[in-house]
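Chains, contacts and geometry: an overview
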Amino acid sequence: MEFISLGRDHDIGASCHFLHIDDIGILLDAGADPNEEGPASLPDFSPIQHRQVDHVMVSHAHHDHIGSLPAVNARWPMARLHLTHASQSLTTLMLYASERLQQRKYYEGSSPFPALFDEEDLDDVFDMFHSHPYNRTFPLDTKKTAAEFYYSGHLLGATGVLITTAENQRIFYTSDTRSEDQTIIPGGKYPSAPVDVLIMESTLGADPVAETVTRPEEEIRFAHQLKAVLDRGGSVLIPVFMLGRAQEILALLGRFKDERILDPKTPIYTAGGLREVSRIYDAFRNSTPRIDPDFEVYSVDQIRFPRTRKARQKAFSRPGIHVLASGMMIERTLSHQIAMEFLEHEQHAIFFVGFAKEDLPSGKLLHAAQSGAEGIILSHERGMQPIACEVDRFRFSGHAHRKELTELAVSLQPKTIILIHGQTDAKKWLKEELRQHCPDTRILIPSQGEKTSIVLR
Ligand SMILES: [Zn+2]
Ligand SMILES: [Zn+2]
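A brief look at the structure comes next. (Residues numbered from 1 in each chain as written. Chains lettered and ligands numbered in written order. Predicted model: local features only at pLDDT ≥ 70, side-chain atom pairs only at ≥ 80, totals over all residues.)

1. Focus on the overall build of the protein
The secondary structure content of the protein amounts to 12 helices and 22 strands. For a compact globule of 457 residues, the expected C-alpha radius of gyration is about 23 Å, and the protein comes in at 22 Å, within 12% of that figure. Along the first, second and third principal axes, the C-alpha atoms of the protein reach 65 × 45 × 45 Å. Taken over 457 residues, the protein has a buried fraction of 46%. Counting contacts in the protein only where the partners sit at least 6 residues apart, residues at least 24 apart contribute 74% of the total. (Helix = DSSP H or I, 4+ residues; strand = E, 2+ residues; numbered from the N terminus. Rg over C-alpha atoms; globule rule 2.2 N^0.38 Å. Buried ≥ 20, exposed ≤ 12 C-beta atoms within 10 Å, placed from the backbone. Contact = placed C-beta atoms within 7 Å.)

2. Observations regarding the nonpolar core
Soluble globular proteins tend to bury their nonpolar side chains together. Ile-199, Val-240, Ala-246 and Val-323 are the most contacted members of the largest nonpolar core, which has 119 residues in total. The leading source of residues in this core is helix α6 (residues 245–258), at 7 residues. For this core, the two domains that each supply at least three residues are domain 1 (2–207 + 398–453) and domain 2 (214–393). Not counting chain neighbours up to four residues away, the residues in contact with Ile-199 comprise His-17, Leu-28, Ile-171, Phe-172, Tyr-173, Thr-174, Ile-418 and Ile-420. (Core = buried A, V, L, I, M, F, W, Y, C linked by C-beta atoms within 7 Å. Domains from an automatic or database assignment.)

3. A short note on the sheet that holds strand β5 (residues 80–83)
Strand order in the open sheet made by the 7 strands is β6-β5-β4-β3-β2-β1-β22, with mixed pairing throughout. Because the sheet does not close on itself, it has two edges, and the strands there are β6 (129–131) and β22 (451–453). Geometrically, the sheet is characterised by an average inter-axis angle of 25° between neighbouring strands, direction not taken into account. In terms of strand pairing, strand β1 (residues 2–5) meets strand β2 (residues 17–21) through 4 bridges, oriented antiparallel. Bridged to Glu-2 within β2 is His-20. (Pairing = 2+ DSSP bridges. Axes fitted to C-alpha atoms, helices over the stretch in contact; angles between N-to-C directions.)

4. Things to note about helix α12 (residues 424–437)
Helix length check: α12 (14 residues) gives 20 Å between terminal C-alpha atoms against 20 Å at 1.5 Å per residue, within 8%. Every buried residue of α12 is accounted for by Ala-426, Lys-427, Trp-429, Leu-430 and Leu-434. Projected onto a plane normal to the axis of α12, the buried residues spread over an arc of 160° and lie on a single side. The outward face of α12, more than 90 degrees from its buried face, is lined by the exposed residues Glu-432, Arg-435 and Gln-436. Looking at the packing, one finds that the buried side of α12 touches α11 (402–412), β20 (416–420) and β21 (442–444). (Expected span 1.5 Å × (residues − 1). Arc of directions from axis to C-beta.)

5. What to know about unusual backbone geometry
The step from Ala-193 to Pro-194 runs through a cis peptide bond, and the omega angle for that step is -5°. As for its position among the elements, Pro-194 is in the loop between β10 (170–173) and β11 (197–201). For Asn-135, which is not a glycine, the phi torsion comes out positive at approximately 60°. Tracing the backbone through its elements, the reader meets Asn-135 in the loop between β6 and β7 (138–139). On the basis of neighbour counts, which here come to 12 C-beta atoms within 10 Å, the residue Asn-135 falls in the exposed class.

6. Concerning the sheet that holds strand β19 (residues 390–393)
In spatial order, the strands read β14-β13-β15-β12-β16-β19; together these 6 strands make up an open sheet with parallel pairing. Among the strands making up the open sheet, the edge pair consists of β14 (303–304) and β19. When strand β13 (residues 268–270) meets strand β15 (residues 321–324), the two strands line up parallel, connected through 2 bridges. When the bridges of β15 are listed, Ile-268 appears paired with Ile-321. Lying on the sheet, α6 is in contact with β12 (236–239), β13 and β15; it crosses β15 at an angle near 160°.

7. Comments concerning helix α10 (residues 361–370)
Turning to α10, its buried residues number three or more, namely Pro-361, Ser-362 and Leu-365. Taken around the axis of α10, the buried residues stretch over an arc of 105°, which confines them to a single face. For α10, the elements touching its buried residues are β12, α9 (334–342), β16 (349–352), β17 (375–377) and β19. Positive phi shows up at Gly-372, right after α10, with a value of about 75°.

8. Some words on the pairing of β5
As paired elements, strand β4 (residues 55–57) and β5 share 3 bridges and run parallel to each other. Bridge pairing links His-55 to Arg-80 in β5. In the sheet, β5 pairs with β6 via 3 bridges, with the strands oriented parallel. Within the sheet, the bridge partner assigned to Leu-81 lies in β6 and is Phe-129.

See below:
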């Protein structure tokens, strides 16, 4: 077996890995780097430019796993794109949204790069979709090589992929995964042991706090902090990823209202694409794993976030909760604009509920607030602003913390572990930990473009 990582190796960038096995070329995901624009956001395909890609396994619809599907389809138009039914709906929505966003940025002048693809390119991508249910094998060639999806617990439609070779060796790709329950989405399910090769994510590998926080305790803390802000007449901004985190948080807010921890009349505002994603969550509630199949995201009352300045000021004049994208508070998004509004008012709060990357506005604000900085520049047009509002972070990740990842790896008894999709520190920590738990296992941290050969026996 041959393995090559094509995305940046020191960070969570574009997730895309090439696998050559039984004379078949397989890509595990085809992501784009959300922190880059234009061609720099794509994986570096040069190490495989003369190779054949027959199949692409699309693990879930986050941009860092699907954003380069059009580029892959342009290079290898015959490659089949395998995904779950729910991921097919979400990926379609997310790629259209990405195309519109790239067009808008180019025409507004905020990006120098024309969109990497257009709607016609997307039609070609969608023509190559092959959707599969969980736990049903599908062939990858005319011999015996096959794949099977394992529900991965990260978000709606997300899957791990088990590939079985003609010689019956087993390679398992976790992609992004979480084994513990969230509010809507239950924890993931994994293949039986042993597997020969485990290709595992490491997002939270350098986060020592994540494993010390229990979800029920964090939910109580979140509910009480929300209530305190609303009781003093303030409003709360919750910046969220439109896919996954938004729906989980809305479900949690709905539960707080049902339990009367929050006043059921508290207005909850949502906007844009996350509302469309919520509809897809609801449409698949009876056909995908759920904690409560009867729960609908739209059963949580939501008001469309107002477009005009005057209407927004009116909304902010009474206590409310604003669940708005983007999660990282990227410039020009609604969460970024509203954060600048809230920052100078001590009755308001900004609560982060997901991964806050240090070099992006969410991470910068969190760091500034935690270190007691008096001000921050969120936009150069606006300049330095004092941080008067409350800023906090709650851990409701869709990723497994590092102890969970270690347990998963140990339980699968792999001969080889390939650590991917995490910052360098995260992968190093996991490598050290796993070396102690699985002394006979070969543990690899491949560099971008490095070809690794693994003898399967
Ligand atoms: Zn993800
Ligand atoms: Zn990811």
